[in-house]
Amino acid sequence: MTTMRSELSSPRLTELTDVIRDRVRAGVNQAHTADLVKEALRPFLDVPGLLTEEQRRGDPERYLQHVLHVEPDASFSVVALVWLPGQQTPVHDHVAWCVTGVYQGAESEQHYRVRESEQGAWLVPTELVTNQVGETCGFAPPGDIHRVRNCGTGTAISLHVYGADIGELGTSVRRVYELPVHE
């Protein structure tokens, strides 16, 4: 993943961050906050002009993260992830709650759980979800092991809201899992 810092903000993006700020302050725990932010994000997923042309740009080598907003108190960050066809994350989990909404295209999200025995640990695929434009999902750790990919034939763009300072951390990924996958 490549990260780009964007200081450009549209009035609609400012409106979105204002709404998210209110929801984050109202959350009582990570899971509740993710649910509140998920509902706040949904109406902005069909707003033309929310992102600048630069914030809609991808990278032919890997998916590209555009940091759109970091809250001054580090309580949340908003990023746009731009995926060209076939681009995907490694299997990973997160440092904090996360909400995702598809702004353009479609993304698939394969969930996993870790199994262990005396022979070692491995990943077991669980739910596979495909999110289309306008659809949101959210979660709070633990139990958020997944891989996300652009499953369409065109560029996909998703908005991600993380309960962390992505400007400081650079990513929301806590750990990458390189375990074998078994059914």
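Above this note sits the structure.
How each quantity is defined
Residues numbered from 1 in each chain as written. Predicted model: local features only at pLDDT ≥ 70, side-chain atom pairs only at ≥ 80, totals over all residues. Heavy atoms only, no water. Phe/Tyr/Trp six-rings, centres within 6.5 Å; stacked < 30°, edge-to-face > 60°. Helix = DSSP H or I, 4+ residues; strand = E, 2+ residues; numbered from the N terminus. Buried < 20%, exposed > 50% of the residue type's maximum accessible area, 1.4 Å probe, protein only. Polar contact = N/O pair within 3.5 Å; in protein donor to acceptor, adjacent residues only side chain to side chain. Contact = heavy atoms within 4.5 Å. Core = buried A, V, L, I, M, F, W, Y, C linked by side-chain atoms within 4.5 Å. Axes fitted to C-alpha atoms, helices over the stretch in contact; angles between N-to-C directions. Parallel < 35°, antiparallel > 145°, perpendicular 65-115°, else oblique. Left-handed = near helix turned anticlockwise from the far one by under 90°. Nonpolar A, V, L, I, M, F, W, Y, C, P; charged D, E, K, R; others polar. Expected span 1.5 Å × (residues − 1). Arc of directions from axis to C-beta.

(A) A look at the packing of aromatic side chains. Per the counting criterion, the structure on display carries 1 aromatic pair. Seen from their ring centres, tyrosine 63 and tryptophan 83 are 4.5 Å apart, and the 20° between their planes marks the pair as stacked. Separated by 20 residues along the polypeptide, tyrosine 63 in the loop between helix H2 (30–41) and strand E2 (64–70) and tryptophan 83 in strand E3 (residues 77–83) bring together distant segments of the chain. Summarising the burial analysis for this pair, tyrosine 63 and tryptophan 83 share the class buried.

(B) Structural view of the side chain of threonine 136. Secondary-structure assignment places threonine 136 in strand E8 (residues 136–139). Under the relative-accessibility criterion, threonine 136 is labelled buried at 12%. A distance of 2.7 Å separates the side chain of threonine 136 from the side chain of arginine 42, its partner in a polar contact. Setting aside chain neighbours within four positions, we find threonine 136 in contact with Lys38, Leu41, Arg42, Leu45, Thr100 and Gly101.

(C) Spotlight on the nonpolar core. Core analysis: the biggest nonpolar cluster contains 24 residues, and Ile20, Trp97, Leu159 and Val161 have the highest contact counts within it. The greatest single-element share of this core, amounting to 4 residues, is contributed by helix H1 (residues 11–26). With residues up to four places along the chain from it excluded, the contact list for valine 161 reads Ile20, Val37, Phe76, Ser77, Val78, Trp97, Cys98 and Val99.

(D) Representation of the side chain of glutamine 110. By secondary structure assignment, the location of glutamine 110 is in strand E6 (residues 106–117). The buried category is assigned to glutamine 110, whose relative accessible area is 17%. At 3.3 Å, the side chain of glutamine 110 and the backbone oxygen of glutamate 127 are in polar contact.

(E) View of the packing of H1 against H2. Direction vectors running N to C along H1 and H2 enclose 155°, while the axes themselves pass 8 Å from each other. It follows from the interaxial angle that H1 and H2 lie roughly antiparallel. Crossing hand, H1 versus H2: right-handed. Judged by residue contacts, Leu16, Val19, Ile20, Arg23, Val24 and Ala26 of H1 engage His32, Thr33, Leu36, Val37, Glu39, Ala40 and Leu41 from H2. The class makeup of the residues in the contact of H1 with H2 is 9 nonpolar, 2 polar and 2 charged.

(F) Representation of H1. Taking 1.5 Å of rise per residue, 16 residues should cover 22 Å, and H1 covers 23 Å from first to last C-alpha, within 8% of that figure. Residues of H1 that are buried include every one of Leu13, Leu16, Thr17, Ile20, Arg21 and Val24, and no others. For H1, the angular spread of the buried residues around the axis is 140°, confining them to a single face. Opposite its buried face, H1 presents the exposed residues Pro11 and Arg25, each directed more than 90 degrees away. Looking at the packing, one finds that the buried side of H1 touches H2, E2, E3 and strand E10 (156–162).

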